[in-house]
Each structure stands twice: as C-alpha cells, then as structure tokens.
Amino acid sequence: MNTYLQAGYGLRSWLLTTDHKRIALLYLVSITFFFFIGGGAATLIRLNLVVPDSGLISADSYNRAFTIHSVVMVWFFLIPSIPAVFGNFLLPLMIGARDLAFPRLNLLSWYLFMAGGTVALWGLIIGGVDTGWTFYTPFSTTYSNSHVVTVLTGVVIAGFSSILTGLNLVVTTHTLRAPGMVWMRLPLFVWAIYATALILILATPILAVTLILVAADRIGGLGLFDPRFGGDPLLFQHLFWFYSHPAVYIMVLPAMGVINELVTCFSRRRIFGYRFVAAATLGIASIGFLVWGHHMFVAGMSVYASFVFSILTFVVAVPSGVKVYNWTATLYKGRVQFKAPMLFGLGFIGLFVMGGVTGLFLASLAFDVHVTDTYFVVAHFHFIMVGGTVSAYMGALHFWWPKMTGRMYPERWGQASAVLIFAGFLLTFLPQYLLGWLGMPRRYWHYPPEFQVWNVLSSAGASVLALGYLLPLAYLLWSAFFGPPAPDNPWGAKGLEWTIPSPPPKENFVEIPHVDEPAYNYGEEDSHG
Amino acid sequence: MAMSGIAFWPVAASSYAAQIDWLFVALVVVTGAISVPAITALVWFAVKYREGNPADRRQPPQRKVWLEIGWTTVPFVLTLAVFVWAAALYRDHADLPAEGLEISVVAKQWMFKFQHPGGQRELDELHVPAGQNVKLLMTSQDVIHSLFLPALRIKQDVLPGRVTALWFKADRPGVYHLHCAEYCGTNHSLMGTRFVVMRPEEYQAWLTHAGEDTALAAEGGRLFREVGCSGCHENRNSPVRAPNLCGVFGSSVALADGRVVVADEAYIRDSILLPGRDIVAGFKNDMPNFTGKLTEAQVQALVAYVKSLALAGDEVGRVQLPPNGLAAGSVCRGAVR
C-alpha cells in the first residue's frame with residue numbers, strides 16, 4: 001500500500017494537495033524557514049548587546065531587528081507551530097478520521113499563511129519596520145517612518161489563515177470522531193487543540209479589526225487613537241491585548257497537550273486526573289480572555305481595573321498549576337524512559353514552571369510597576385514561549401517524526417540537542433530576569449555599563465541555544481532522506497496514530513477503527529515490579 | 001548607579017522601594033513553596049521510577065479527588081495573600097499626596113523636560129530634594145513614553161493628550177538612573193540619564209544655580225536678536241536659509257558630509273565660532289564667523305539660549321499642559337525672553 005508520501009512526487013502533488021498530512025509538512029517547512037529568519041534577528045540583537053554601546057548596528061537597525069524577531073516569531077512561527085503542523089497532522093489520526101472536515105479550506109489556510117508571511121517579510125526586511133510586534137499607537141499610526149502598513153497587511157492575511165484553521169479543527173473534532181471515540185476518551189492533545197482552535201476563532205478577528213484600524217488611522221488620518229482628534233491611544237492597547245493575551249494561550253495550550261502525550265508514553269502510565277487536566281484546558285482558554293489588562297498596569301488605567309485584572313491573572317494561573325501537579329503525579333510508580341522527546345518534555349515542565357511563577361510576580365500590582373517593560377518581562381515570556389512552547393514543539397517533532405517521515409533519527413543526537421537547548425536556554429534567559437529586576441528596560445539598543453556582565457552571559461547562552469537548534473536541523477534533514485525505516489510504533493505508545501503504518505497511508509485508516517478504551521490505556525499488568 | 005562589579009540587587013532610594021523589595025522576597029518564598037515541591041517530586045519520581053530501576057510499582061493511583069482539590073486551592077490561597085499585599089501597596093501609591101513639590105514633565109522623542117516650581121528647567125536629568133514628597137505631572141508631546149526610576153521601583157507611562165502623575169519621597173541622596181521604559185522610536189534607549197536626589201540645602205543651591213542659567217539664557221535671547229542671529233534663524237522670510245534652532249539642542253543633526261552628530265554644548269559653540277566646520281545637511285555655508293566678535297561670556301549666553309529653546313519645545317497647542325505650564329511663548333514657543 002502506498003504511503004501518503006508516495007501518493008505523488010511532483011511539485012503539483014504537494015502544492016495542490018488537500019491531504020492534511022501533506023499540508024502539515026508544508027507548514028513544517030514554512031515555519032522552519034520563518035524560525036531561522038526570526039532566529040537570525042535574535043542573533044543580531046544579542047550580538048549588539050554584548051557591549052553596552054557597541055553600535056554594532058545602528059539604533060534604527062536594532063529596532064528593526066527586534067521587530068523582525070517578534071513579528072516573525074509570534075505570528076509566523078509560534079502561533080501556527082503546534083496547531084498547524086501537529087494539529088493538522090495528528091487530529092484526524094488521533095480521532096480516527098480520514099482528513100479534516102474541510103480539506104480544501106485547509107489548503108487555502110496554508111496559502112493565506114504564505115501570502116501573509118511573504119507580505120510581512122517584504123515589509124520587515126526589504127522595507128524595515130521599527131514598531132515592535134505591539135504596534136503601539138500613536139507611534140505606529142503617526143510617528144513611525146517605516147513600512148508599518150505592509151506588515152499590518154501581512155499579519156491580517158495570516159490572521160485569516162488562523163481563523164480558518166481554527167474553524168477546521170473545531171468542526172473536525174465535533175463531527176469526525178470514530179465510533180466509540182467519546183469526548184472523555186479523547187487524547188488530551190485533542191482537547192488542547194480543540195480549546196486552542198476556539199481561541200483562534202474568537203480572538204483573531206479582534207486582532208484583524210485592530211490592525212485594520214491602525215492602518216486606517218495611518219493612511220486616512222482617522223485619528224481613532226490620536227488624542228489631538230479625540231482619539232485614545234489606550235483604546236489600541238485594550239484591543240491589542242484582548243487578542244494578544246489569549247494568543248499566549250494559543251501558543252501554550254497545544255504545548256501542554258503535547259506534554260500529556262509525552263509524559264504518559266514515556267512513563268507508561270495513564271494520565272493522572274484526566275478530567276481535571278481536560279477541565280483545566282478549557283478553564284485556561286476561557287479565563288485567558290479576561291486578563292488582557294495586566295499588560296497595562298502602568299499605562300494609565302484605573303486602579304480598580306488594575307485590581308480586577310490582577311486577581312483574574314492569579315486565577316488563570318491555577319489551572320496551569322493543576323496540570324504541572326498532574327504531570328508530576330503521572331510519573332509516580334511509572335516506568336520512565338529518558339528518550340529524546342521525553343527530555344524535551346521534562347525540560348518543558350521545568351521551564352514552564354519558572355515562566356509561570358514569574359507570571360505571578362508580574363501579576364502582583366506593586367511589583368509589576370517596577371519590572372514591567374523591563375527585561376524581567378522579556379525573560380518571563382521567553383520562558384513561556386521558548387522554554388515552554390518551543391521545547392514542546394521540539395518534543396512533538398521528535399516524538400511524531402518517525403510517524404510523519406517513516407524514518408528514525410539518531411537518538412543520541414536528539415538527547416544531546418534536548419540537553420543543549422535546556423542549558424542554553426537557562427543561560428540566555430535567567431540573566432534577563434536579573435537584568436529586569438535591576439532595572440534594565442526592554443527594547444534598549446544601549447544600556448548602562450553595570451548591566452554588561454549579565455548581557456554577556458545572556459549572549460553566550462544564546463550561542464549555545466543557537467547550536468541546540470541547528471543540530472536538529474542537521475540530523476533531522478539527514479534522517480528524512482537516509483534515516484533507518486521507522487516501525488509503526490517505535491515508542492510503544494498508545495493512541496490511534498500508532499496503530500497504523502509509518503508513514504501512514506493516504507487515507508489514514510483502511511477501516512475506520514472502533515474505540516472501546518480510554519486514552520493512555522497503558523497496561524497495568526506489566527506495572528508490577 | 002555608580003555600582004561596579006556584578007549587581008544582584010538594585011539600589012533602593014526610598015522606603016517605598018524597600019517595601020517593594022520585601023514584596024519581592026515574599027513572592028520568591030510563596031512561589032518557591034508552590035513550585036519547588038512539584039519540581040523536586042518530578043525529578044525524584046523520574047529518577048526513582050526510571051525504567052530498569054527496581055521499585056514498588058503496585059497499584060498506582062489514577063486519580064485522587066482530595067489531592068486534586070488540595071493542589072488547586074492551597075497554592076491559590078497562598079498566592080492570594082501576595083495579591084492583597086501587592087494591590088494594597090499599589091493603591092496606596094496611586095493617590096497623590098496633598099503636599100509636595102510639583103514638577104512638570106513634558107516628554108518628547110527623545111527627551112524628558114522638567115520644570116521646577118520656581119521656573120528652573122532641566123533636560124533629561126532630574127534633581128529633587130530628599131525627604132520631601134515630589135509630584136511629577138507628566139504629559140507627552142508625541143508618542144507614549146514612560147518615566148522609570150528603578151531606584152524608587154516606580155514607573156508611569158506618559159501619554160499625549162493626558163496628564164499622568166507619579167509621586168515619591170526619596171530618602172537617600174545619590175545619583176540614580178532615569179529611563180524611558182515605553183518603546184518610543186529610534187533613540188528610546190538614550191532618553192533620560194540621571195536622577196539626582198540631593199540633600200534639601202544642596203537642592204536649594206542647585207535651584208539658585210539653575211535660576212542663573214535661566215537668567216543667562218534670557219541674556220542670550222537678547223543677544224540673539226542684537227547680533228543678528230534671529231534675522232536668519234528665526235525669520236522665515238529671510239533670503240538666507242538657516243536651520244531653525246527650536247528643539248535642536250540634544251537632538252541628532254544630520255550633516256552635509258553624511259555624519260550625524262548630537263547637538264551638545266560643544267556643537268552649538270563650534271557652530272557659532274567655526275560655522276564652516278559642521279554644515280547641516282540641506283543648507284549652505286552662509287553663516288558669518290563670530291570668532292573675535294563675541295566675548296566668551298556672550299558665547300556662553302547664546303549657548304544657554306539655544307539650549308533653552310530645546311527645553312521650551314517646538315510645538316504648542318498639541319498638548320494639554322501641566323498646571324504650571326512648561327511651554328508658553330511665541331515663535332519657538334516658551335523661549336526665554
């Protein structure tokens with residue numbers, strides 16, 4: 001039987017495919033490209049900051065570099081990363097379906113993503129934009145002399161890709177589950193993708209509207225955010241964060257979903273407290289919509305509003321904590337294997353916990369006043385988005401790589417990369433907490449000399465991190481063409497995707513399976529020992 | 001500032017800052033209490049139950065409702081205590097005290113302009129007396145900025161079209177940082193420099209001296225018209241095109257030969273005495289050389305005047321002004337006359 005990779009070899013067979021697995025690979029290649037563009041910009045930033053006033057690149061180039069880094073990493077890597085690659089590839093496999101509900105819409109989503117990415121890159125690199133990914137008004141509307149509208153256009157187009165992907169994932173989860181695959185038997189990754197898809201559908205339109213208003217203000221001088229014409233710059237911040245805070249959960253929920261799969265498989269245990277973890281997923285997705293104002297505690301918002309957003313932020317931390325405790329309990333009396341995906345998974349938990357508790361620091365009003373807009377915030381969200389999401393993404397890549405490509409990669413190299421990334425990450429971002437606490441503001445091209453030691457450490461860590469990310473690029477590329485063939489279930493994992501060949505046939509399941517067991521049904525019979 | 005070596009703890013220059021530091025300690029303790037046990041257990045379980053290691057693996061639990069409820073509620077209640085403390089500190093500091101020294105702040109790309117109650121102005125640096133309430137009433141002429149005083153653990157965004165306020169009582173005389181914390185464009189990281197907390201008597205002396213600067217600038221303004229600078233630099237109908245000097249001081253100037261220089265005292269001085277050296281891009285070398293025509297004192301007065309033009313700002317009417325009105329005047333608004 002032909003695998004989905006053998007269903008056609010020409011360029012057409014890829015560019016006009018409606019197979020969710022092929023589209024997942026299209027996304028994989030595209031976002032890998034964007035990841036290294038964003039990484040290149042990060043390299044420039046860290047190089048410039050080795051010396052307090054290096055002037056290695058000009059102030060304007062520096063501002064453009066962090067704008068490239070943030071826009072590309074947020075919208076063209078992190079947001080699509082796990083949902084568009086692994087959501088696409090795995091959702092139908094995990095629920096026992098032959099494809100997503102709307103295969104052609106799925107292909108359209110990828111084209112929109114690429115169109116948006118091309119336009120945004122054009123604006124960012126050929127034109128140059130210096131607003132940061134936050135586009136704060138009135139800087140973005142009136143004062144920035146750069147290609148703001150081009151980048152806004154790119155992001156809005158990519159936003160439609162997000163919305164359509166979200167729609168596809170939600171409808172698929174509702175309508176295409178195999179017989180017997182009831183909600184409480186779904187792998188928790190599916191719950192996570194489902195919750196994420198809801199956020200994609202509900203939050204992304206707000207971003208599109210907001211960015212269109214910025215463009216209208218900039219081109220047409222509407223003055224919506226300009227106090228000279230009765231507009232309000234804070235209105236923009238409310239609208240922007242109404243999307244952009246839930247967007248953090250778009251990045252993190254799927255990552256948590258991946259961790260459920262890794263922790264259960266590599267400890268050979270059912271997840272501890274399935275219902276609590278599933279409920280926590282939905283809890284984060286809903287409360288996550290109510291905390292946007294915690295980005296604005298010094299912006300000039302009312303004290304009362306600050307109280308409300310602060311307490312809600314403490315509340316949204318609860319379900320995240322619940323998950324960490326449940327993962328820990330899952331290992332108890334398990335049979336833990338430190339395979340490469342598991343190392344990435346364990347790394348995720350450690351870094352996510354640090355990122356999470358520092359989130360509580362930032363939720364604490366009086367403390368936030370000191371550290372907001374400093375490197376403390378930069379460290380915090382990199383712990384969540386890189387330490388968290390990117391680690392989980394790498395874990396997912398190593399876990400499902402044999403299924404996707406039908407090839408194994410060298411295990412030792414995978415483990416080495418997991419350790420390197422973990423160590424490089426800590427060295428890069430721990431000093432940044434300290435820098436923020438000491439009072440170094442973010443987005444600084446030039447900084448006071450007493451901060452140099454920590455900046456040098458951070459840049460040194462960044463080079464280790466870069467190596468950690470280049471390594472998998474090399475051995476996974478090698479594996480894709482020369483790796484030894486993968487068995488159907490190399491990890492001995494549970495889940496429908498492991499019951500079919502690697503790589504899967506075009507139609508996934510020759511016969512639609514009937515599900516009669518809970519998720520992660522790792523046999524208890526062999527757990528005596 | 002003035003720290004050398006490796007810094008771990010930021011200097012605290014007020015009792016409020018010390019309270020924030022205690023809050024920080026509490027946060028470390030509480031978040032440690034809820035996360036260290038989990039991470040410890042994670043590592044411990046991973047090692048103890050690693051594959052191949054003999055261990056008792058009989059009847060592992062699938063769920064324990066009391067455990068789930070416990071680790072849902074206990075951490076939340078613990079962190080709630082921190083929320084209350086942090087919120088109370090924030091609230092107490094949100095209200096401006098009735099009494100206090102009122103300093104107006106106007107932010108613009110890329111400088112902070114301060115005006116003391118006696119009319120003394122300063123650029124980027126802020127001098128304040130220790131032991132006294134100081135209220136900053138702030139507005140922006142262009143984009144959003146944020147005044148950040150790390151030694152006091154406070155910051156507040158500065159918005160166009162609005163007056164926001166920040167207050168503090170610094171206890172410890174010294175020189176600290178003053179930063180812009182809200183990204184505002186090209187020279188965001190160069191905005192703001194020093195925050196100087198002085199003993200009250202030193203502050204008085206400083207005010208007097210700064211007052212003299214103001215008088216010097218007024219003298220310079222008179223000279224500016226007398227020796228004819230205003231004929232080209234202020235008169236838009238002049239046949240000779242000369243750069244407008246409003247807001248020049250402290251800004252980056254692009255020169256005809258492609259260099260970009262910062263217009264500091266030395267630059268202004270050179271421009272008067274050696275006008276052919278640094279020609280501003282887009283202008284001809286039309287300026288007469290004033291070497292030998294002005295006394296040293298007169299040059300100083302002119303430099304002080306040009307400096308004051310920057311402090312005064314270049315556009316008025318766009319901003320709502322703080323109560324004691326920083327910028328007021330004509331052509332180059334607020335110029336000292």
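Keep in mind that this is a model prediction, so the values were computed, not measured.

### What about the overall build of chain B?
1) Next: Secondary structure summary: chain B contains 6 helices and 13 strands in total.
2) Next: Looking at chain B as a whole, 39% of its 337 residues qualify as buried.

### A few points about the domain arrangement of chain B
All names here are of chain B.
1) Next: Here the domain parsing of chain B yields domain 1 (15–94), domain 2 (101–208) and domain 3 (212–312).
2) Next: Here the C-alpha centre of domain 2 lies 39 Å away from the C-alpha centre of domain 1.
3) Next: Facing 4 residues of domain 1, the contacting portion of domain 2 comprises 5 residues.
4) Next: Split by residue class, the side of domain 1 that touches domain 2 holds 3 nonpolar, 1 polar and no charged.

### Topic: the interface of chain A and chain B
Interfaces are often sized by the accessible area lost when the parts come together.
1) Next: Contacts between chain A and chain B engage 71 residues on the former and 72 residues on the latter.
2) Next: Looking at the side of chain A that touches chain B, the elements that each hand over two or more residues are helix 3 (59–95), helix 5 (139–143), helix 10 (303–331), helix 11 (340–363), helix 12 (365–371) and helix 14 (411–438) of chain A.
3) Next: Counting residues per element, the side of chain A that touches chain B draws most heavily on helix 10 of chain A, at 13 residues.
4) Next: Counted by class, the side of chain A that touches chain B contains 41 nonpolar, 20 polar and 10 charged residues.

### So, the nonpolar core
1) Next: Judged by nonpolar contacts, the single largest core of 245 residues is most densely connected at A255(A), I259(A) and V105(B).
2) Next: When residues of this core are assigned to domains, at least three map to each of domain 1 (15–94) and domain 2 (101–208) of chain B.
3) Next: With 19 residues, the next largest nonpolar core counts F249(B), I268(B), Y305(B) and L309(B) among its residues.

### Topic: the packing of helix 4 (residues 103–127) of chain A against helix 6 (residues 148–175) of chain A
Residue and element names in this part refer to chain A.
1) Next: Across the interface, helix 4 lies against helix 6 with an axial gap of 7 Å and an inter-helix angle of 160 degrees. If you check the angle between helix 4 and helix 6, you find them roughly antiparallel. For the pair helix 4 and helix 6, the sense of crossing is left-handed.
2) Next: Residues of the contact of helix 4 with helix 6, tallied by class, amount to 15 nonpolar, 12 polar and no charged.

### Points about the environment of H233(B)
Residue and element names in this part refer to chain B.
1) Next: Relative to the assigned elements, H233 resides in helix 4 (residues 229–233).
2) Next: For H233 and N244, which are 11 residues apart along the polypeptide, the C-alpha to C-alpha distance reads 5.3 Å.
3) Next: Each residue touching H233, except ones within four places of it in the same chain, is listed here: A242, N244 and L245.

### With respect to unusual backbone geometry
1) Next: A cis amide bond links S502(A) with the next residue in sequence, P503(A), at an omega value of -10 degrees.
2) Next: Mapped onto the fold, P503(A) is located in the segment after helix 15 (452–482).
3) Next: A cis amide bond links Q109(B) to the next residue, W110(B), at an omega of -5 degrees.
4) Next: Positive phi values are uncommon outside glycine, yet K333(A) reaches one of about 60 degrees.
5) Next: Backbone geometry at D373(A) places phi at a positive 60 degrees, although glycine is not the residue there.
6) Next: Inspection of the secondary structure puts D373(A) in the loop between helix 12 and helix 13 (375–405).

### Comments concerning helix 4 of chain A
Residues and elements named next belong to chain A.
1) Next: With 25 residues, helix 4 should cover 36 Å at 1.5 Å per step; its first-to-last C-alpha distance of 35 Å lies within 8% of that length.
2) Next: Considered for burial, the residues of helix 4 that qualify are N106, S109, W110, F113, G116, G117, A120, L121, G123 and L124.
3) Next: Downstream of helix 4 by a residue or two, G128 has a phi angle that is positive, lying close to 100 degrees.

### What to know about the packing of helix 2 (residues 20–48) of chain A against helix 15 of chain A
All names here are of chain A.
1) Next: Viewed as axis vectors pointing N to C, helix 2 and helix 15 meet at an angle of 160 degrees, and their least axial separation amounts to 9 Å. Taken as axis vectors, helix 2 and helix 15 run roughly antiparallel relative to one another. In terms of crossing hand, the pair formed by helix 2 and helix 15 is left-handed. Taken together, the residues of helix 15 that come into contact with helix 2 (itself represented by G39, A42, T43, R46 and L47) are S458, S459, A462, A466 and Y469.
2) Next: Partitioning the contact of helix 2 with helix 15 into residue classes produces 5 nonpolar, 4 polar and 1 charged.

### Regarding the sheet that holds strand 7 (residues 154–158) of chain B
Residue and element names in this part refer to chain B.
1) Next: The antiparallel open sheet is built from 3 strands, whose spatial order is 7-6-10. This sheet does not close on itself; its edge strands, each paired only once, are strand 7 and strand 10 (179–180).
2) Next: Here 5 bridges tie strand 6 (residues 145–149) to strand 7, and the two strands are oriented antiparallel to one another. For S146, the partnering residue across the bridge sits in strand 7 and is D157.

### Some points on helix 3 of chain A
1) Next: Look at helix 3 of chain A: 51 Å from first C-alpha to last across 37 residues, which is about the 54 Å you get at 1.5 Å a residue.
2) Next: Residue P80(A) marks the point of greatest curvature in helix 3 of chain A, where the axis turns by about 60 degrees.

### Focus on the confidence of the model for chain A
1) Next: With 99% of its residues at a pLDDT of 70 or more, chain A shows a mean pLDDT of 96.
2) Next: Note that pLDDT drops below 50 for residues 525–529 of chain A; the model gives that stretch 7 contacts with residues more than four away or on any other chain.

Criteria and cut-off values
Residues numbered from 1 in each chain as written. Chains lettered and ligands numbered in written order. Predicted model: local features only at pLDDT ≥ 70, side-chain atom pairs only at ≥ 80, totals over all residues. Helix = DSSP H or I, 4+ residues; strand = E, 2+ residues; numbered from the N terminus. Buried ≥ 20, exposed ≤ 12 C-beta atoms within 10 Å, placed from the backbone. Domains from an automatic or database assignment. Contact = placed C-beta atoms within 7 Å. Nonpolar A, V, L, I, M, F, W, Y, C, P; charged D, E, K, R; others polar. Core = buried A, V, L, I, M, F, W, Y, C linked by C-beta atoms within 7 Å. Axes fitted to C-alpha atoms, helices over the stretch in contact; angles between N-to-C directions. Parallel < 35°, antiparallel > 145°, perpendicular 65-115°, else oblique. Left-handed = near helix turned anticlockwise from the far one by under 90°. Expected span 1.5 Å × (residues − 1). Pairing = 2+ DSSP bridges. Bend = angle between axes of the 7 residues up to and from the residue. pLDDT = per-residue confidence, 0-100.

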